[in-house]
Amino acid sequence: MPKKAAPKTRAKKTKDDILTAAVRTLCREPAAGVTVEEVAREAGSAKGLVHYHFKTKDRLFAAAASRIWADRADNWHEALAATDPKQAIDASWQLLANESRTGVATASASLAVEQGEVTVQAVKEASAAFAKCLAASIEALFSRIGLTAAVPPGELGALLAAVVAGFGHQLDAGMPPTGLEAGYAAFWAGLLSLGTPA
């Protein structure tokens, strides 16, 4: 006879399922329109369980923001890990287009304008960590191609984070991807010109 999951394990799974449901819901619609009831329905659990695990909608959104930006950081680090700069740029463009297609860009943008105190703090911390990850990825890419950044890598990470947000907004607004892709490539040409031979 199979063993039942321990209560702590079940509770952890339920909490994770609710958080995953919140992320999925936020990727479909702006945060301002998302309700706890909707997240509970998406998770297949009772509204009371959402409140039990996260206490408030603000804390739920804060947890969702942390997960979204952490996943984005992992994905961008992987995309920029190619040895060849063109492959890294192409992979990062595909990732950017995919973030728009899947709603990740919309979720990030809508969470960034939420007013809840806990969400605001989580977004601030998560977006700073995202920019720091981008800075490390850019620095590693420069190193692989024999360059050293002429400006602090942290500034390059913050710049790329802003560019990612801007292009994400434009893709979400229905701008033609071809023109945007050319602009994104031009941005990278400028970014790479900030490197000097190591």
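In case you missed it, the structure is sitting above this.
Residues numbered from 1 in each chain as written. Predicted model: local features only at pLDDT ≥ 70, side-chain atom pairs only at ≥ 80, totals over all residues. Heavy atoms only, no water.

1. Details of helix H5 (residues 85-102)
Test applied: Under the DSSP-based scheme used, a helix requires at least four consecutive residues in state H or I and a strand at least two consecutive residues in state E, with every element numbered from the N terminus. Expected span of a helix: the number of residues minus one, times 1.5 Å. For every residue, the accessible area (1.4 Å probe, protein chains only) is compared with the maximum for its type, and the residue is labelled buried under 20%, exposed over 50%, or partly exposed between those bounds. Two residues form a contact once any of their heavy atoms are found within 4.5 Å. Under the rule applied, a polar contact is a pair of N or O atoms within 3.5 Å (in protein, one hydrogen donor and one hydrogen acceptor; residues adjacent in sequence only if both atoms are side-chain atoms).
Between its terminal C-alpha atoms H5 stretches 25 Å, which fits the 26 Å expected from 18 residues at 1.5 Å a residue. Looking only at H5, the buried set comprises Ala88, Ile89, Ser92, Trp93, Leu95, Leu96, Ala97, Glu99 and Ser100. Buried residues along H5 sit against helix H4 (57-79), helix H6 (104-112), helix H7 (117-144), helix H8 (153-172) and helix H9 (177-192). Of the residues flanking the start of H5, the one acting as N-cap is aspartate 84, its side-chain oxygen 3.2 Å from the backbone nitrogen of lysine 86. Two residues or fewer after H5 comes glycine 103, characterised by a positive phi angle close to 90 degrees.

2. A closer look at the packing of aromatic side chains
We apply this condition: Aromatic rings from Phe, Tyr and Trp, taking only the six-membered ring of Trp, are treated as a pair when their centres fall within 6.5 Å; an angle between ring planes under 30 degrees marks them as stacked, one over 60 as edge-to-face, and anything in between as tilted. Over a ring means this: the NZ of a Lys or the CZ of an Arg is within 6 Å of the ring centre and within 35 degrees of the ring normal.
Taken as a whole and judged by the stated rule, the model has five aromatic pairs. Both rings, one in tryptophan 93 and one in tyrosine 184, keep their centres 5.5 Å apart while their planes meet at 45 degrees; by these two values the pair is tilted. With tryptophan 93 in helix H5 and tyrosine 184 in helix H9, this pair connects stretches of sequence that are 91 residues apart. As far as the burial class goes, tryptophan 93 and tyrosine 184 line up, both buried. With a centroid separation of 5.7 Å and 80 degrees between ring planes, the pair formed by phenylalanine 167 and tyrosine 184 is classed as edge-to-face. On the criterion of sequence distance, the pair formed by phenylalanine 167 in helix H8 and tyrosine 184 in helix H9 is long-range, its members being 17 residues apart. Residue class for tyrosine 184 comes out buried when judged on its relative accessible area of 1%. By way of ring pairs, the aromatic residues Trp93, Phe167, Tyr184, Phe187 and Trp188 are connected into one cluster. Lysine 15 extends its terminal NZ or CZ atom over the ring of phenylalanine 54, reaching a point 5.4 Å from the ring centre. In this structure, lysine 55 is placed above the aromatic ring of tyrosine 52, and the distance from its NZ or CZ to the ring centre is 5.4 Å.

3. Examining unusual backbone geometry
With phi around 70 degrees, lysine 55 is a residue other than glycine that occupies positive phi space. Looking at the secondary structure, you find lysine 55 in the loop between helix H3 (47-54) and H4. When its relative accessible area of 52% is taken as the criterion, lysine 55 is described as exposed.

4. Quick notes on a positive patch on the surface
For the record, the criterion: Think of a patch as exposed residues, more than 30% relative accessible area, with no salt bridge, where like charges cluster within 9 Å and nonpolar side chains (Val, Leu, Ile, Met, Phe, Trp, Tyr) cluster within 5 Å. Computed by Shrake-Rupley with a 1.4 Å probe, the accessible areas treat only the displayed protein chains as cover when residues are assessed. The rule for a salt bridge is simple: a side-chain nitrogen of Lys or Arg has to be within 4 Å of a carboxyl oxygen of Asp or Glu. For the purpose of charge, His is not counted, nor are the chain termini; Lys and Arg are scored as positive and Asp and Glu as negative. A single reference atom marks each charge: NZ on Lys, CZ on Arg, CG on Asp, CD on Glu.
Together, Lys12, Lys15, Lys55 and Arg59 make up a region of like positive charge exposed at the surface. Here arginine 59 lies in helix H4.

5. Quick word on the packing of H4 against H7
Quick reminder of the rule: Axis lines are fitted through C-alpha atoms, for helices just across the contact stretch, and the angle between N-to-C directions can take any value from 0 to 180 degrees. Roughly parallel here means an angle under 35 degrees, roughly antiparallel means over 145, roughly perpendicular means 65 to 115, and every remaining angle is called oblique. Residues are grouped as follows: nonpolar covers Ala, Val, Leu, Ile, Met, Phe, Trp, Tyr, Cys and Pro; charged covers Asp, Glu, Lys and Arg; every other residue, Gly included, is treated as polar.
Viewed as axis vectors pointing N to C, H4 and H7 meet at an angle of 5 degrees, and their least axial separation amounts to 8 Å. Taken together, the axis directions place H4 and H7 in an arrangement best described as roughly parallel. Only Glu117, Val118, Thr119, Ala122, Val123, Ala126, Ser127, Phe130, Cys133, Leu134 and Ser137 of H7 make contact with H4, whose side of the interface consists of Asp58, Arg59, Phe61, Ala62, Ala65, Ser66, Trp69, Arg72, Ala73, Trp76 and His77. Of the residues that constitute the contact of H4 with H7, the class distribution is 13 nonpolar, five polar and four charged.

6. As for the pattern of salt bridges
Tallied over the entire structure, the rule returns seven salt bridges. Close ionic contact of lysine 13 with aspartate 17 constitutes a salt bridge, the shortest N to O distance being 2.8 Å. Of this pair, lysine 13 and aspartate 17 both sit in helix H1 (residues 7-28), separated by four residues, roughly a single helical turn. Lysine 13 sits in the exposed class, given a relative accessible area of 52%. Across the salt bridge formed by glutamate 37 and lysine 47, the nearest N and O atoms sit 2.7 Å from each other. Of the two residues, glutamate 37 is situated in helix H2 (residues 36-43) and lysine 47 in helix H3; the sequence distance between them amounts to ten residues. The network of salt bridges with common partners includes Arg24, Arg28 and Glu42.

These values are about where atoms sit, not about what they do.
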